[in-house]
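# Observations on chain architecture
Single-letter residue listing:
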Amino acid sequence: MDEEQRAGVFNQLLDRALREPELVASMGATGETSAGALRRVAREHRAYIMDQARGAEEEYLQAAGGVQAAWRSERGWSILSWATGVAALVVTLAACVAGGWSAEIDQAMAERRPVSFVDVLVQSAGILMALALLGAIAGAVTWWAYWFLVPAVRTGDSAAEDRRLNGTVVGATGFVAVLAAASLSASVTKILWVHEHHRPPGPDDTYGWEWALLVGTLIIYAGAYWLLRGRLAEFTSEYVGDGGEPSRLETVWREALHECVLGFLRSHIGEQLERRYATVLSVMSAPGLRRVRALDYHVVTPAEETLIRVCNGMDGGSIALAGPRGAGKSELLNAYCKGVAPDSTAKLAVEVTAPVVYDRREFMLHLLARLCRVVIREKLRAAPEATRILQRVRYQHTRSGELNASGGWGPWSMSAKRGTTHTRQPLAYPEIVQMLTGFLGVVAEEVSTAIPARRLVVSIDELDRIAPAAVARDFLNELKVVFDVPHCLFVLSVSDEALKEADLSPAGRRDAFDSAIDEVVRVEPLDHRTAVKLLDTRVIGLPAPFAALFYCLSGGMPRGLLRTARAAVALLEPDRPSSLAEVTAGLVERELARTANSAGDGVATPGELLQFFRMDVVAGQGGLRQLGDRIAEHAAVLPGGARLGVTLANRAYFLDTVSSVFSGNVTEQLITEASRPGHSGSFSALARAQREIGTADVLARSTLDEIRKAWTLTALPPIAPAGAGSEFGGHPAQTG
């Protein structure tokens, strides 16, 4: 696909995007942005927008180009192959007919009778059967010659068996070809000589062109064998079976590019419009929020820039993407491997996902098979080796050999039979590791020295899925044996929770994580500015107070941010805008229900404390602020409930703070001041407090108190002094 065709596809999708109802409605409502202006800006940034869907485009072009080239090549080759095959068949039949005619001429001249056409056909059929018999004998001789002369055949080596089979076919067909060519040359010469001179040719009677006929016939046979050998089967399995794949990949690419165009246009409209500080939400449709996991119009984060710098500074090794769940590690890993990230380094990516139930042998085989499929798909020089390895991994080979002999006369018969069977043993785990490491080195060396050079990247996502958590330590210990392949970079994603549960990140000593991972890139939650930018790619003209509300409730987690935005849109009633206070109340009620229905943390009586978050209980307590005080008092008398009580109290105080901040009295000045990270009551601080609840409750209480002070809200009570042995690590209260 040339640049003109790519531009045509882009223009088609741009016109389609500009007809989307959400864009039409936004342009009609604001009156500040026209379709012509959007089209002009999008065309100016066409290269940037198309780069967002570069991974999907490359997959489509590779599949389409491979099939088209195969069809063009195979069409020409198939015509030539079938023509040569037909020619070889015609030559064989001609040799048999010429031989039968020549033999019939000898008999007719000896018996002084005319040549019989029926006798010519009978003689020809006999010669054809003789050629078939001689070919079978030649094949059998070749087959057993390999057995006696090649020791590897006797040991059951698969490669030697393949050479043996190929040699047998070549020996049988070659012998038949030589006999047929010699028969044709001699018979044609004899027929023409008798026809011209009315006598059989003598020893010295030749025309001089017999050798040319012999060589030409052999060339036809050789060409037919070379062109027809396995080409049809290879073409059918490799191209015809996947004929619908390019069409599917084209659809995937077009849809991805369409979403990228929409994301760019949404973001551009949001940048062009003066940031709205309305306290009323009237978004009736937000198609951009429907796609839960997508790389449409990628938003660059600081963690992504760090990952690119770290990767560009390493020749090989291992890098871990560490961060809390929902921070966007999987999306970042996918973006880096797909080429969506702003990185100029070309990559050959092998993407796998860590299994829930880990078995070291099965995972290594899966990784090896995945690598082989990528190599075959890319048509690297190592593709034949990848095919052989893939067969070795997927199939258990059984080789059988058998010899039969029989003889008899009349009712008497005698037979003998001898057979051998060789069954290949499954690969042992050390053999799998050695094969994987060696093939990784071969592929990495090939792609790094190619023009243009590429980097081999192996990504392993969702290590935190491995259960139980302690198995993650064993996984890293097993996997690190393949981390030292030159020019091969391993990038893994693992959550902080999994690291903590598996005890992989203790302070002050080296552990399995430190010994296996060369570099760690922290994937932190989004800051306020990046979160707003992400929302702008999904929703057109979202007012600043609502974007800040979604950001604070989500704690800056990308997944939670989009989830909260979807929940807010679902709360809206058709043709009735909702106020900021109404949306806030609905989202807070949603958070209360989630907390009340959670499973607690395993203390003796978690359900009793969680029931305080029911809406009727909250109303009965006088509000969220009073609810936090009541939970703290009640938890103090429950055995083992201190930690959960402080966490739930902080949760109630956080929701009360959100409800108070995002009331109907919020102004543009307050929003502007709170958008600055350095402000004591900033949205970034409120989002950070949300993340600290349950992990650093003392710090969360302090953060919430500072925020409430900045917004002139009622101060929170301090956390009660912990008793001896408390999980908060405090000192016993002094008594008089």
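Our subject is the structure listed above.
The present account deals with the structure reproduced in this document. (Residues numbered from 1 in each chain as written. Predicted model: local features only at pLDDT ≥ 70, side-chain atom pairs only at ≥ 80, totals over all residues. Heavy atoms only, no water.)

## Describing the side chain of Ser 682
Heads up, the condition is: A run of H or I in DSSP becomes a helix once it reaches four residues, and a run of E becomes a strand once it reaches two; helices and strands are each numbered from the N terminus. Accessible area is worked out with a 1.4 Å probe on protein chains only. A residue is then buried under 20% of its type maximum, exposed over 50%, and partly exposed in between. Pairs of N or O atoms within 3.5 Å make up the polar contacts considered here, provided that, within protein, one atom can donate a hydrogen while the other can accept it, and that residues adjacent in sequence are counted only when both atoms are side-chain atoms.
Structurally, Ser 682 can be placed in the loop between helix 28 (668-674) and helix 29 (683-692). Residue classification places Ser 682 among the buried positions, given a relative accessible area of 1%. At 3.1 Å, the side chain of Ser 682 and the backbone nitrogen of Ala 685 are in polar contact.

## A word on the sheet that holds strand 8 (residues 519-522)
The strands making up a sheet associate through hydrogen bonds between their backbones, and the pairing can be parallel or antiparallel. Our working definition: Between any two strands, pairing holds if DSSP finds at least two bridges. Only the contacting stretch of a helix is used when fitting its axis, a line to C-alpha atoms as for every element, and angles between N-to-C directions run 0 to 180 degrees.
Strand order in the open sheet formed by five strands is 3-6-7-2-8, and the pairing between neighbours is parallel. Of all strands in the sheet, those with a lone pairing partner are strand 3 (347-353) and strand 8, marking the two edges. When the angles between neighbouring strand axes are averaged without regard to direction, this sheet yields 20°. Relative to strand 6 (residues 455-461), strand 3 runs parallel, the two sharing seven bridges.

## A few points about the packing of helix 23 (residues 580-596) against helix 27 (residues 642-661)
Rule in force here: Orientation labels follow simple angle bins: below 35 degrees gives roughly parallel, above 145 gives roughly antiparallel, 65 to 115 gives roughly perpendicular, and whatever is left gives oblique. We call two residues in contact whenever any of their non-hydrogen atoms come within 4.5 Å of each other. Amino acids are sorted into nonpolar (Ala, Val, Leu, Ile, Met, Phe, Trp, Tyr, Cys and Pro), charged (Asp, Glu, Lys and Arg) and polar (every other residue, Gly among them).
Contact pair helix 23 / helix 27: the axes reach a minimum separation of 10 Å and the direction vectors enclose 170°. By the criterion of interaxial angle, the relationship of helix 23 to helix 27 is roughly antiparallel. Packed against helix 23, whose contacting residues are Thr 584, Val 588, Glu 591, Leu 592 and Thr 595, the element helix 27 presents Leu 648, Arg 651, Leu 655, Val 658 and Ser 659 at the interface. In the contact of helix 23 with helix 27, the residues fall into five nonpolar, three polar and two charged.

## So, the packing of aromatic side chains
As a reminder of what qualifies: Aromatic rings from Phe, Tyr and Trp, taking only the six-membered ring of Trp, are treated as a pair when their centres fall within 6.5 Å; an angle between ring planes under 30 degrees marks them as stacked, one over 60 as edge-to-face, and anything in between as tilted. Charge-over-ring placement is defined geometrically: NZ (Lys) or CZ (Arg) within 6 Å of the ring centre, and within 35 degrees of the ring normal.
As enumerated under the stated definition, the model contains four aromatic pairs in all. Measuring from ring centre to ring centre gives 4.9 Å for Phe 483 and Phe 490, while their planes differ by 50°; the resulting arrangement is tilted. According to the relative accessible area criterion, Phe 490 is buried, its value standing at 0%. Over the aromatic face of Trp 143 sits the side chain of Arg 164, whose NZ or CZ is 3.7 Å from the ring centroid. Note that Arg 360 overlies the ring of Tyr 429, its terminal NZ or CZ placed 4.1 Å from the centroid.

## Details of helix 16 (residues 429-449)
What counts here: Here, expected helix span is obtained from the residue count minus one, scaled by 1.5 Å. Our arc is simply the arc of the directions from the helix axis toward the C-beta atoms.
Between its first and last C-alpha atoms helix 16 spans 30 Å; for 21 residues at 1.5 Å apiece the expected length is 30 Å, and the two agree. Within helix 16 the residues assigned to the buried category are Tyr 429, Ile 432, Val 433, Leu 436, Phe 439, Leu 440, Val 443, Ala 444, Glu 446 and Val 447. End-on, the buried residues of helix 16 take up no more than an arc of 165°, which puts them together on one face. Facing away from the buried side of helix 16 by more than 90 degrees, the exposed set consists of Pro 430 and Gln 434. Against strand 3, helix 14 (360-378), helix 15 (383-394), strand 6, helix 17 (470-479) and strand 7 (488-495) lie the buried residues of helix 16.

## Focus on the pattern of salt bridges
Convention followed: Throughout this description, the term salt bridge denotes a Lys or Arg side-chain nitrogen within 4 Å of a carboxyl oxygen of Asp or Glu.
Overall, the coordinates contain 23 salt bridges when judged by the stated rule. When the shortest N-O distance is used, the salt bridge between Arg 16 and Glu 255 registers 3.3 Å. Pair noted here: Arg 16 is in helix 1 (residues 3-18) and Glu 255 is in helix 11 (residues 245-272), with a separation of 239 residues, a long-range link. A relative accessible area of 30% places Arg 16 in the partly exposed class. Glu 255 sits in the partly exposed class, given a relative accessible area of 31%. Among the salt bridges present, the one from Arg 254 reaches Glu 250, with a minimum N-O distance of 3.3 Å.

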